[in-house]
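Now for the letters of each chain:
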Amino acid sequence: MPEVYVKSTRRGKDTLVAVCDAKLLGKTLEGGRVPFMVSKSFYGGALAGLDETLEAMRRATICNLVGKKIVKAAIEQRMVHEAAVIYLGDIPYAQIVVL
């Protein structure tokens, strides 16, 4: 069942995977230092399930994640440490960078 939007972009040797929970696409999140826009141009790829999204994230060198579903899944898969998550109001946000 599609739960998130996932968009992959390749630049040179890097692959960026941007993921947001489906209900957040196009919204502006308040509660951080500045408003955070979950833009369709950055996050608006294909609707996907969590399993296929996590697989795409494993192949990426950079991931941007926003939303309760995807951040929770990344924590459960040990891809993100819970202490590395920031919150935009009550919405979690995390990044993964593979060096």
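Whatever comes next refers back to the structure up there.
All of these numbers come straight from a predicted model, not from anything done at the bench. (Residues numbered from 1 in each chain as written. Predicted model: local features only at pLDDT ≥ 70, side-chain atom pairs only at ≥ 80, totals over all residues. Heavy atoms only, no water.)

**What to know about the overall build of the protein chain**
Point 1. On a plain count of helices and strands, the protein chain comes out with 3 helices and 8 strands.
Point 2. When the elements of the protein chain are put in sequence order from the N terminus, they spell out β-β-β-β-α-β-α-β-α-β-β.
Point 3. Rg of the C-alpha trace for the protein chain: 12 Å, near the compact-globule value of 13 Å for 99 residues, within the 12% margin.
Point 4. Dimensions of the protein chain, computed from the C-alpha atoms along their principal axes, are close to 35 × 30 × 30 Å.
Point 5. Every one of the 99 residues in the protein chain was classed for burial, and the buried ones make up 42%.
Point 6. For the protein chain, long-range pairs separated by at least 24 residues make up 56% of all intrachain contacts whose partners lie at least 6 apart in sequence.
Point 7. Of the accessible surface of the protein chain, which amounts to about 6,100 Å², a share of 53% is contributed by carbon and sulfur atoms.
Point 8. Placing the 14 positive and 10 negative side-chain charges of the protein chain at their respective mean positions leaves the two points 5 Å apart. (Helix = DSSP H or I, 4+ residues; strand = E, 2+ residues; numbered from the N terminus. Rg over C-alpha atoms; globule rule 2.2 N^0.38 Å. Buried < 20%, exposed > 50% of the residue type's maximum accessible area, 1.4 Å probe, protein only. Contact = heavy atoms within 4.5 Å. Areas by Shrake-Rupley, 256 points an atom, 1.4 Å probe, with all protein chains shown as cover. Lys, Arg positive; Asp, Glu negative; His and termini not counted. Charge placed at Lys NZ, Arg CZ, Asp CG, Glu CD.)

**Some details on the side chain of Asp21**
Point 1. Following the sequence through the fold, Asp21 ends up in strand β2 (residues 14–21).
Point 2. In this structure Asp21 is buried but unpaired, with Lys69 as the nearest side chain of opposite charge at 6.2 Å.
Point 3. Residues within four places of Asp21 in sequence aside, it is in contact with Glu3, Val4, Val66, Gly67, Lys68, Lys69 and Ile70. (Salt bridge = Lys/Arg side-chain N within 4 Å of Asp/Glu carboxyl O.)

**Remarks on the pattern of salt bridges**
Point 1. A complete count under the given rule lists 5 salt bridges for this structure.
Point 2. Its salt-bridge partner being Glu55, residue Arg58 comes within 3.6 Å of it at the nearest N-O pair. With Arg58 and Glu55 both in helix α2 (residues 50–58) and 3 residues apart, this pair spans about one turn of that helix.
Point 3. Classification of Arg58 by relative accessible area gives partly exposed; the value is 44%.
Point 4. With a closest N to O distance of 3.4 Å, Lys68 and Asp90 form a salt bridge. In this pair, Lys68 sits in helix α3 (residues 68–76) while Asp90 sits in the loop between β7 (86–88) and β8 (91–97), placing the two residues 22 residues apart along the sequence.
Point 5. The exposure class assigned to Lys68 is partly exposed, which follows from its relative accessible area of 44%.
Point 6. Taken together, the salt bridges that share partners define one network made up of Glu55, Arg58 and Arg59.

**Some words on the packing of α2 against α3**
Point 1. At their nearest, the axes of α2 and α3 sit 11 Å apart, and the two run at 60° to each other. The angle between the axes of α2 and α3 places the two elements in the oblique class. You can see that α2 and α3 cross each other, and the crossing is right-handed. Here Leu50, Thr53, Leu54 and Met57 of α2 lie close against α3, whose contacting residues are Lys69, Ile70, Ala73 and Ala74.
Point 2. The residue inventory of the contact of α2 with α3, partitioned by class, reads 6 nonpolar, 1 polar and 1 charged. (Axes fitted to C-alpha atoms, helices over the stretch in contact; angles between N-to-C directions. Parallel < 35°, antiparallel > 145°, perpendicular 65-115°, else oblique. Left-handed = near helix turned anticlockwise from the far one by under 90°. Nonpolar A, V, L, I, M, F, W, Y, C, P; charged D, E, K, R; others polar.)

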